[in-house]
Amino acid sequence: MEFKNDLGKPWKFEEGDFTVVRSAMWSPPGCHPVGCGVKIYVDKDGVIDHVEGDENNPITKGRLCVRCLALKDYVYNPSRVIYPMKRDPKDRGKHDKWERITWDEAYALIKEKRDYFRDTYGPECMAVFSGTGRSGGILVADMAQAVLGTPNACYTQSGYACYQPRSMSCSHVLGAYYPELDYAGGLQNTYDNPTYRVPDVIVCWGKMPLASNGDGLFGHAVIDLMKRGSKLIMVDPRVNWLCTRADVHVRLRPGTDTAMAMAWLSVIINEDLYDHQFVEYWCYGFNEFVARINDPEMGMTPEKAAEICEVPVEDIYAAARLYASGVSSIAWGLAFDQNQNGNQAAHCVLALMAICGNVDVPGGQIIAEIDAAPGFEEGKKMEVNLDKADAGADGNAAEDAARPQRRIGWDAMDPELRAKTIGYAEYPLYVDNIRNAQADMMWDAVVSGKPYQIRMGWIQSTNLLAPSCCAQPQGWYEGLKNLEWCMATDCFITPTIEAFGDLILPLASCAEKDDVVMTHYAGSPVTLAACNKAVDVGEVKSDITILIELGEYLGSDALKNENGERMFKDEDDFLTQRRAKPTGMPFEDLRDIVVFQRGVNYRKYETGLLRPDRVPGFLTPTGRVELWSTAYAQYGEDPLPYYREPAFSPHTNPALAEKYPYIFTTGARNYASFHSEHRQIAVLRELHPDPIIEIHPDDAARENIANGQWVEVSNDYGRAKFKAVVSVIVKPGTVQMDHGWWFPERQADDDSRDEIIPIGEIATFNDEVLDIAMNGAEIRAAHVHSDHADEPGLYGVWISNVNDMVPNHYNSHLGYGGPYKCNCCAIKPLKESYDTDMSLVAEKFDI
Amino acid sequence: MPKYALLIDYEYCTGCESCVVACKMEHDMPIGKWGIRVHDDGPWQMNEEHEGGKSFNWNKIPVPTDMCDLCADRLAEGKKPTCVHHCLAFCMDFGTIAEMAAKLAEKPKQVLFAPCDCDIDLPGADDFVIPTAKAAAGPRPRPKMAPKPPALRA
Ligand code: SF4
Ligand code: SF4
Ligand code: SF4
C-alpha cells in the first residue's frame, strides 16, 4: 500500500491549517549534534501543534526519538523561563524572589558587573561554566574569552571526562579529528551509494549508540547496518540490548578497557592479521609499539588481559580475530573518557583502526577533510605549525583545521592573561587543546580560592549540580556560593541556577532560532543541517544572538572586524561565517535545502586532504599515525600505551573493597532524557520516572534488596538513593546508576537536603598525593562535605546524586578522565519509598 | 471485521518507545494512558555456560492497547500510523492483514497485531486478498509483494 508523504517539499510549506517548518534538532532540547529531521506543525496563532519526523532527512528518514516527539511539551512547559529575570544575591535559592526585567536592563547589569570585577580584580576572576553537548555549549570559550574577556571557560566535568579525552587522543595520535563509524550519512543515497560498503563488523566499545546518539552518530544506523549484514562485537560490562544481538560480547570489568585493547593488539600483531602496507606507509613507531605490546612487564597478552578484565580468554581471541577479519568499524564511547587510563585506551583503539587498515576507507572509520591553509596554491610548499609545544601560541593545527568554528577570543588575548588560565601550568596540553581551564584545578579554585578567587560566574547551559557534568557537586556547591555575582543562560530554572543565579537570560530552544547542526561539531564528514526557526516564544534569544549582542554591548574587541565594525551582523550571518562554512553556501541557502550531506573522500591520507599543506599523510609532526606519540612524549606522558589499574580497584585495594564491595559505573543514557534535561516533561518522565540502580540478583539477595525497592549507596565521598532494578544486566559485584537527576516537581526550598547530607567539614585536603603535575605541583584528593543541612533542597538535587560519590583529581597525567565508570560503593536497602508521584508531575507540568 | 494490521519485527525492536510517545502525542493521551506499550522480556541468560554474544534472551515487543484506533484520523488523510512512521528501528509495518501476513512468512521473530476494526478504505488495500477457499477456486489477482528485506548473512 502507498501512503502520503512529504518527500520533496520545501523547508516551509502549508498543510491544511498548519504551516510546516522542516528543520534539524540540537539541544536545547534533545541531544548532541546528530540533527534528526523534524517537521514542526505551526498553527495559525504561531503555536506548535505537533512535531513529526521529516522523511526528507537522508539518514533519519522520518524516524524520531521520544525527546523530539515531545518537543512541544518542552517549548510550552509551564515552568519554562521566557523573560530575563534578576534576583538579589542575598535571595539565592528562593524561587519567589525572581523579578522580570528587560533585555536592556539585563545587558546594563552585566556590563556594570563585568566592568567592576575586571577593573577591581582583573578579568581572570570571571569564569564561564558550561555543560555537555548543547549548541551553545561549544561557544563557552567564545563567551569567556571574546565576550567577557576572561581566559577561564570551563566544562566542569572532572578530567573533561566527556568526548574531549578521545578527541585529544585523535588529534595527537591519529592526526585527524574523531574517526567515526562510517554509516554513509554523508553520501547521497546513504547505504546504497556505490562508493560505500557496509562494514563487515561493527564494534560498540563502551558505547550504547541507540540511546546516546553521540556526537554525530545517529544511533539506530547500527540497526540499519545489522539488517544489511554487519556483525556486532560489543565491549561492555553490561548486557545492553545490543549485546543480545552481538556475535561476540566481551563483558570486561569496568575501567579495564586499555588492557582489553592491548590484548586485541597482541592477537592481531602476533597472529599477523594486520595491514602491512598501511603500517609501512602510514604508521610511525610500529616496532616500538610491538615491543611494548609484547613487553613482559608493560605489555599485554590475552591471557593476562583475561585475568585483569575478568573475561574468558576465548572471548578476547574471538573478538580480536573477528575484528581483523574484514572491514570493521569501531563506535567508541564515553567509557574511554570516564577512566583515568582512557588516553591509553584511546591510543590503542586508534592503533587498532590504523594497523588493520580501517581508517578512512568505505565502511571503516570516517574522518573529515580539512581546509587548505589560507593562501595555499597547488604545488606550493607550505609551512604548517605542527609543534605541539607552541600550540597555545599559534594554534594546534590539527584541532583548528578540523574545527574551524572555535577560538574567536583566545588568539586576541594578551599572552600574560592567557597564562593565568586555571590549570595551565599543571596541564598545558589540556588547556591548549580545548582553551578551557582544567576542570579539577577550577574546582580547587572555587573551593579554596587558590591560585585566585573566582568572583563572577556565568552558568552557561549547564546544570552542573544535577549533575550532568561534574564530580563532587557538593564541593562545587560550596565553592560556587563564593561567587559574588552570577548570571545564567538556560530555558529553565535548574537547581544550579536556583542556587547561584542572580540573573537569568532566557534561552531559545531549537524551535525558536536559526542554527546549524554540525555532526561532531563539524569534525566529521556527515551532515550540516539547518535548524530553522519555527515559532516565537516570549523574549527568548539564542546563545549566538547573546554572544553577538552582549559582545557589542561590552565593546569586545575580539568581536570586531578589521574596520572596527561588529564581526557578525546577526545570528544568520554568524552561521554563515562560522557554522555553515563547509557547505560553501550562506545560511539562507542551507535553510532552503535543510540538510547538506558533506560527501566523503576516502583514503585522504593519500591525497593530502587531511593536511592544510596538502602533503599526503596525517596531521602529526611525523605525518603518520603516531603509534609512538611524539605529542605524548613532549608533554611528559609515556609515548606508548600502558595499562593502569583503576584507582578504586578491588584488585589493588582489598581494604577498600572490603568497605565498599561493589564496583559502580554511571553515565549510561536512556531514551527519556538528555542528561538532566527533560525531567519536567511529563510524557517522558512517565517512561523513566525514578533514578535507578541496576544490581545483580545474587547481590540483591545478599543485601536483602527486592526488585523495585529503594536503596542507599555510599562511599567515602557521598551517598545517594536509587530504586533497584534487580537484573542480570550487570555482572555480580557491579552496579550501574543513573546520573543527571533532579525532581522539578519538588520545590526549591524542598527539605530533602538534611536527610542526605552527611555532616562533615568543608574542603579538607587529604595528605594523599594523587599525582605530580608537570611543573612538580602535587595534586591531592579533597573531601568536601557541607554541614549546612538546613539549606534549600533545590528540587531534590541531592537525593540521587551519584556524582557526589566521584572525587575530583583522579585524572590521567595529562589531566583527563575520571573514575565515573570504575568506582566503588556499599549498598543498603531502605524501608521508605521515594517513588515519583506522576500525578504531581502531570499536574505541575501539563500543558 | 479487522482489516488492517501492525507487523512488528522484534528481532530489531530496540525498546526506544518512539511508538509509545508518538501515539500519545497524536491522541493527546494523558499520563497513565497508552495506545501501545512495549513489553520487555529480558535480559535472562539462556545458557549458563557462556555469557558472550547471543547468550541472553531479550526481546521487546510493542503491544497495541485497547485504545489503539490504528490512527484512524491519519489513515483518513492517507498517512501511515504515527508509531510506524517514527519507529527508530524501522521494525513496524502497517497494511492489510493479507499483506502483512505475507511479510510475516518472510522471516522469523515477527508478530502481527490486528488491534481493532477499521472501516476506512485505503487506496491499494484491495490488491491483497486473503486466500480463502472461495478465492482460491478461481483466478485471483496476483498480489504485489512488498520488496524483500535485504538478505541477512549467515
Ligand atoms: S536523537 Fe536527538 S535530534 Fe534525534 S530525535 Fe532524538 S533528541 Fe531529536
Ligand atoms: S496505530 Fe496509531 S493508535 Fe495504534 S498504536 Fe500505533 S500510533 Fe497508537
Ligand atoms: S518505536 Fe520501534 S523500535 Fe522503538 S519500541 Fe517501538 S517498535 Fe520498538
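The structure displayed is predicted, hence computed values, not measured ones.

Asks: Is there a simple way to think about the overall build of chain B in this case?
Replies: Counting secondary structure elements, chain B contains five helices and five strands. The N-to-C order of helical and strand elements in chain B reads β-α-β-β-α-α-β-α-β-α. Out of the 154 residues in chain B, the part that is buried amounts to 45%. Within chain B, counting contacts between residues at least 6 apart in sequence, those at least 24 apart form 66% of the total. Entry remark: accessible area of chain B is about 8000 Å², with carbon and sulfur atoms responsible for 55%.

Asks: Help me understand the site of ligand 3, please; the structure alone is not making it clear to me.
Replies: Around ligand 3 there are 14 residues in total, and Cys13(B), Cys16(B), Glu17(B), Cys19(B) and Cys87(B) lie nearest to it. By residue class, the composition of the shell around ligand 3 is ten nonpolar, three polar and one charged.

Asks: What should I look at first to understand the sheet that holds strand 12 (residues 248-250) of chain A in this one?
Replies: Two modes of strand pairing occur in sheets, parallel and antiparallel, and in both the strands are linked by backbone hydrogen bonds. Residue and element names in this part refer to chain A. Taken in spatial order, the four strands make up an open sheet running 12-11-10-14, and their pairing is parallel. The strands lining the two open edges of the sheet, one partner per strand, are strand 12 and strand 14 (328-332). Across the sheet, the mean angle from the axis of one strand to that of its neighbour is 15°, orientation sign disregarded. Relative to strand 14, strand 10 (residues 201-205) runs parallel, the two sharing five bridges. Paired with Val201 across the bridge in strand 14 is Ser328. Along the sheet, helix 12 (residues 313-323) makes contact with strand 10, strand 11 (231-235), strand 12 and strand 14, crossing strand 12 at roughly 125°.

Asks: Which parts of the structure should I look at to understand the site of ligand 1?
Replies: Taken together, Met25(A), Gly30(A), Cys31(A), Val34(A), Cys36(A), Leu64(A), Cys65(A), Arg67(A), Cys68(A) and Asn213(A) make up the full set of residues adjacent to ligand 1. Taken together, the residues of the shell around ligand 1 sort by class into seven nonpolar, two polar and one charged.

Asks: What is the right way to read the pairing of strand 3 (residues 56-64) of chain B from this model?
Replies: Within a regular strand, the side chains alternate between the two sheet faces. Residues and elements named next belong to chain B. The buried fraction of strand 3 amounts to seven of the nine residues, a majority that puts the element mostly inside the structure. Summarising the sheet, strand 2 (residues 36-45) and strand 3 pair through eight bridges and their orientation is antiparallel. Pairing of Trp44 across the sheet is with Asn57, part of strand 3.

Asks: What should I look at first to understand the interface of chain B and chain A in this one?
Replies: How big an interface is tends to be reported as the loss of accessible area on association of its parts. Taken residue by residue, the interface counts 58 residues in chain B and 53 residues in chain A. With both chains or domains summed, chain B and chain A bury close to 4500 Å², and 60% of this area falls on carbon and sulfur atoms. Considering only the side of chain B, the residues that lose the most area to chain A are Ile31(B), Trp58(B) and Leu88(B), jointly responsible for 15% of the buried surface there. In this assembly, chain B and chain A are joined by five salt bridges. One salt bridge connects Glu686(A) with Lys24(B), and the closest N-O pair in it is separated by 2.4 Å. Applying the counting criterion to the chain B and chain A interface returns 22 residue pairs in polar contact (both at pLDDT 80 or more). Sorting the residues of the side of chain B that touches chain A by element identifies helix 1 (18-27), strand 2, strand 3, helix 2 (72-76), helix 3 (82-86) and strand 4 (92-96) of chain B as the ones contributing at least two each.

Asks: Would you mind showing me how to read the packing of aromatic side chains here?
Replies: Residue and element names in this part refer to chain A. Tallied over the entire structure, the rule returns 39 aromatic pairs over all chains. When the ring of Tyr477 is compared with that of Phe500, the centres are 5.8 Å apart and the planes differ by 45°; the resulting orientation is tilted. Here Tyr477 is found in helix 19 (residues 473-480), whereas its partner Phe500 is found in helix 20 (residues 495-500), with 23 residues between them in sequence. Each member of the pair Tyr477 and Phe500 is classed as buried. Here the aromatic rings of Phe648 and Tyr717 are separated by 6.2 Å at their centres, their planes lie at 85°, and the arrangement is edge-to-face. Residue Phe648 is found in the loop between helix 24 (630-634) and helix 25 (654-659), and its partner Tyr717 is found in the loop between strand 25 (710-714) and strand 26 (719-726); the two are separated by 69 residues along the sequence. Residue Phe648 shares its accessibility class with Tyr717, and that shared class is buried. Taken together, the ring pairs in this structure connect Trp26, Tyr163, Tyr177, Tyr178, Trp205, Trp264, Tyr323, Trp332, Phe336 and Tyr521 into an aromatic cluster.

Asks: Please explain unusual backbone geometry as it appears in this structure.
Replies: Note: most residues except glycine have negative phi, and most peptide bonds are trans. All names here are of chain A. At the junction of Ser27 and Pro28, the peptide bond is cis and its omega measures out at 5° in the coordinates. With respect to the element layout, Pro28 can be found in the loop between strand 2 (18-24) and strand 3 (37-42). Of note, the amide linkage connecting Lys450 to Pro451 takes the cis form, showing an omega dihedral of 5°. You can see Pro451 is positioned in the loop between helix 18 (439-448) and strand 16 (456-460). Even without being glycine, Arg435 reaches a positive phi, approximately 55°. Positionally, Arg435 belongs in the loop between helix 17 (428-434) and helix 18. A positive phi angle is found at Leu794, which is not glycine, with a value near 50°. You can see Leu794 is positioned in the loop between strand 29 (778-783) and strand 30 (823-829). Looking at Leu794, the relative accessible area reads 0%, which means it is buried.

Asks: Help me understand the confidence of the model for chain B in this model?
Replies: Any region with low pLDDT has predicted coordinates that should not be read closely. When pLDDT is averaged along chain B, the result is 87, and 82% of the positions lie at 70 or above. Note on the complex model: pTM 0.94, ipTM 0.95.

Asks: Please clarify how the pattern of salt bridges should be interpreted in this entry.
Replies: Pairs can form between side chains of opposite charge whenever their charged atoms are close. Counted according to the given criterion, the structure contains 62 salt bridges over all chains. In this structure, the salt-bridge partner of Asp514(A) is Arg591(A), at a minimum N-O distance of 2.7 Å. Note that Asp514(A) is positioned in the loop between strand 18 (503-506) and strand 19 (515-518) and Arg591(A) in helix 23 (residues 587-593), a separation of 77 residues in sequence. Using a relative accessible area of 16% as the deciding quantity, one classes Arg591(A) as buried. Residues joined in a network through salt bridges with shared partners are Asp6(A), Lys9(A), Lys39(A), Glu52(A), Glu55(A), Glu26(B) and Arg74(B).

Asks: Is there a simple way to think about the environment of Val797(A) in this case?
Replies: Residues and elements named next belong to chain A. Along the chain, Val797 falls in the loop between strand 29 and strand 30. Residue classification places Val797 among the buried residues on the basis of a relative accessible area of 0%. The spacing of Val797 and Gly364 is 433 residues in sequence and 42 Å in space, taken between C-alpha atoms.

Asks: When you look at the packing of helix 4 (residues 140-148) of chain A against helix 21 (residues 543-553) of chain A in this model, what are you seeing that I'm missing?
Replies: Relative placement of two packed helices is described by the angle separating their axes and the distance separating the axes. All names here are of chain A. Running from N to C, helix 4 and helix 21 cross one another at 15°; their axes reach a closest spacing of 10 Å. Considering the angle they form, helix 4 stands roughly parallel to helix 21. Once helix 4 is placed against helix 21, the crossing between them reads as right-handed. Between helix 4 and helix 21, the residues in contact are Asp142, Met143 and Val147 and Asp543, Leu547, Leu550 and Gly551, respectively. The residue inventory of the contact of helix 4 with helix 21, partitioned by class, reads four nonpolar, one polar and two charged.

Asks: What's the story with the side chain of Thr19(A) in this structure? I'm lost.
Replies: Residue and element names in this part refer to chain A. In this structure, Thr19 sits in strand 2. The class for Thr19 is buried, based on a relative accessible area of 18%. A polar contact of 3.2 Å, which involves the side chain of Thr19, links it to the side chain of Glu14. Excluding residues within four positions of it along the chain, Thr19 makes contact with Lys12, Phe13, Glu14, Ile40, Tyr41 and Val42.

Asks: What's the story with the sheet that holds strand 5 (residues 110-113) of chain B in this structure? I'm lost.
Replies: All names here are of chain B. With antiparallel pairing, the three strands of this open sheet are ordered in space as 4-1-5. Since the sheet does not close on itself, it has two edges, and those belong to strand 4 and strand 5, each with one partner. Ignoring which end each strand starts from, the neighbouring axes of this sheet average 25° apart. Sheet analysis places strand 1 (residues 4-9) next to strand 4, joined by five bridges and oriented antiparallel.

Asks: Whenever I open this one, the packing of helix 21 of chain A against helix 22 (residues 571-579) of chain A confuses me. Can you help?
Replies: All names here are of chain A. Their axes nearest at 9 Å, the elements helix 21 and helix 22 cross at an angle of 100°. In terms of their interaxial angle, helix 21 and helix 22 are classed as roughly perpendicular. Residues Ile544, Thr545, Leu547 and Ile548 of helix 21 touch helix 22, and the partners they reach there are Glu571, Phe574, Leu575 and Arg579. When its residues are assigned to classes, the contact of helix 21 with helix 22 shows five nonpolar, one polar and two charged.

Asks: What's the story with helix 1 of chain B in this structure? I'm lost.
Replies: Three- or four-residue spacings in an α-helix give side chains the same orientation, since the helix completes a turn every 3.6 residues. Of all ten residues in helix 1 of chain B, seven are buried, a share of seventy percent or more. Tucked into the core, helix 1 of chain B has its buried residues touching helix 1 (66-69) and helix 26 (682-685) of chain A together with strand 2, strand 3, helix 3 and strand 4 of chain B.

Asks: How should the environment of Ser169(A) be read in this particular structure?
Replies: Residue and element names in this part refer to chain A. With respect to the secondary-structure elements, Ser169 resides in helix 5 (residues 164-174). With 175 residues separating them in the primary sequence, Ser169 and Gln344 have C-alpha atoms 8.5 Å apart. The contacts of Ser169, once residues within four sequence positions are left out, are Leu174, Asn343, Ala346, Leu350 and Tyr632. Within the structure, Ser169 has its side chain in polar contact with the backbone oxygen of Pro165 (distance 2.9 Å).

Calculation rules
Residues numbered from 1 in each chain as written. Chains lettered and ligands numbered in written order. Predicted model: local features only at pLDDT ≥ 70, side-chain atom pairs only at ≥ 80, totals over all residues. Heavy atoms only, no water. Helix = DSSP H or I, 4+ residues; strand = E, 2+ residues; numbered from the N terminus. Buried < 20%, exposed > 50% of the residue type's maximum accessible area, 1.4 Å probe, protein only. Contact = heavy atoms within 4.5 Å. Areas by Shrake-Rupley, 256 points an atom, 1.4 Å probe, with all protein chains shown as cover. Near = heavy atom within 4 Å. Nonpolar A, V, L, I, M, F, W, Y, C, P; charged D, E, K, R; others polar. Pairing = 2+ DSSP bridges. Axes fitted to C-alpha atoms, helices over the stretch in contact; angles between N-to-C directions. Buried area = accessible area lost by both parts, 1.4 Å probe. Salt bridge = Lys/Arg side-chain N within 4 Å of Asp/Glu carboxyl O. Polar contact = N/O pair within 3.5 Å; in protein donor to acceptor, adjacent residues only side chain to side chain. Phe/Tyr/Trp six-rings, centres within 6.5 Å; stacked < 30°, edge-to-face > 60°. pLDDT = per-residue confidence, 0-100. Parallel < 35°, antiparallel > 145°, perpendicular 65-115°, else oblique. Left-handed = near helix turned anticlockwise from the far one by under 90°.

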